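Coordinate inspection notes
Letter by letter, the chains look like this.
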Amino acid sequence: MPPKFCSECGARLVARSVEGRERQVCSGCGRIAYENPVPAAATVVRRGREVLLCRRAIEPFLGEWGLPAGYQEVDESIETTAVREVREETGLVVRLTSLLDVLTTTDDPRKPAVLVVYEAEETDGELQPGSDADEVGFHPLDKLPSQLSFRNHRIVLERLRTGIPRRW
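We now turn to the structure provided with this report.

1. Notes on helix H1 (residues 78–90)
- With 13 residues, H1 ought to run about 18 Å at 1.5 Å a step, and its terminal C-alpha atoms sit 18 Å apart, in line with that.
- For H1, the complete set of buried residues consists of Ile-78, Thr-81, Ala-82, Arg-84, Glu-85, Val-86, Glu-89 and Thr-90.
- Among the structural elements, strand S4 (38–47), strand S5 (50–56), strand S7 (69–71), strand S8 (92–105), strand S9 (113–125) and strand S10 (133–140) are those in contact with the buried residues of H1.
- Looking one or two residues past H1, Gly-91 carries a phi angle of roughly 85 degrees, positive in sign.

Now the structure itself:
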């Protein structure tokens, strides 16, 4: 949802053409209220040909499966976000081993995001659903649940299933 008031002076924002796009501009001080995507991280944890998935206990995509993922907090690195989200959603402690992909999220109704996808290995913890998940488990890449949540998660999982690497 676009902002309605200027964060600088509090005046109402109005739509104007700026830099070839319609943007929200302050009617008082002229400040442009840019709307930018937020950073998020997802993590692939594998056991052989199986991948760790979480069944979402929240909207959007309630009841659908996806990678452990979430938004970056203001006081953490994107790598810390990836590790934290795995711990919060699955109970596992992981160590990041590689960067798999960077994708733009367009199907999340909450806000657009830039999703950084890592691969990680388990180091500790006990597999159990956290606050955002009602079920967690390892699923064979060739028999993934039919209800997969975010488009980017489906893209990453399909690349893992087929072994076709990301083309830059």
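2. Overview of helix H2 (residues 151–162)
- An ideal rise of 1.5 Å per residue puts 16 Å on twelve residues; H2 measures up with 17 Å between its terminal C-alpha atoms.
- Within H2, the full set of buried residues consists of Asn-152, His-153, Val-156, Leu-157 and Leu-160. When H2 is viewed along its axis, its buried side chains cluster within an angular range of 130 degrees and face the same direction.
- Buried residues along H2 sit in contact with S4, S5, strand S6 (65–66), S7, S8 and S9.
- Among the residues trailing H2, Gly-163 stands out with phi positive, at a value near 80 degrees.

3. Some remarks on the nonpolar core
- Residues Val-44, Val-51, Leu-53, Leu-67, Val-117, Val-156 and Leu-157 are the most contacted members of the largest nonpolar core, which totals 17 residues.
- Among the elements of the structure, S4, S5, S9 and H2 are those that each provide at least two residues to this core.

4. Some thoughts on the packing of aromatic side chains
- Here the structure, examined in full by the defined rule, presents one aromatic pair.
- For the pair Phe-61 and Phe-150, a centre-to-centre distance of 4.8 Å together with 75 degrees between the ring planes defines the contact as edge-to-face. With Phe-61 in the loop between S5 and S6 and Phe-150 in the loop between S10 and H2, this residue pair connects regions lying 89 residues apart in the sequence.
- Residue class for Phe-61 comes out partly exposed when judged on its relative accessible area of 21%.
- Using a relative accessible area of 8% as the deciding quantity, one classes Phe-150 as buried.
- Taking the ring centre of Tyr-71 as reference, the NZ or CZ of Lys-111 above it sits at 4.5 Å.

The rules behind the values
- Residues numbered from 1 in each chain as written.
- Predicted model: local features only at pLDDT ≥ 70, side-chain atom pairs only at ≥ 80, totals over all residues.
- Heavy atoms only, no water.
- Helix = DSSP H or I, 4+ residues; strand = E, 2+ residues; numbered from the N terminus.
- Expected span 1.5 Å × (residues − 1).
- Buried < 20%, exposed > 50% of the residue type's maximum accessible area, 1.4 Å probe, protein only.
- Contact = heavy atoms within 4.5 Å.
- Arc of directions from axis to C-beta.
- Core = buried A, V, L, I, M, F, W, Y, C linked by side-chain atoms within 4.5 Å.
- Phe/Tyr/Trp six-rings, centres within 6.5 Å; stacked < 30°, edge-to-face > 60°.
- Lys NZ or Arg CZ within 6 Å of the ring centre and 35° of its normal.

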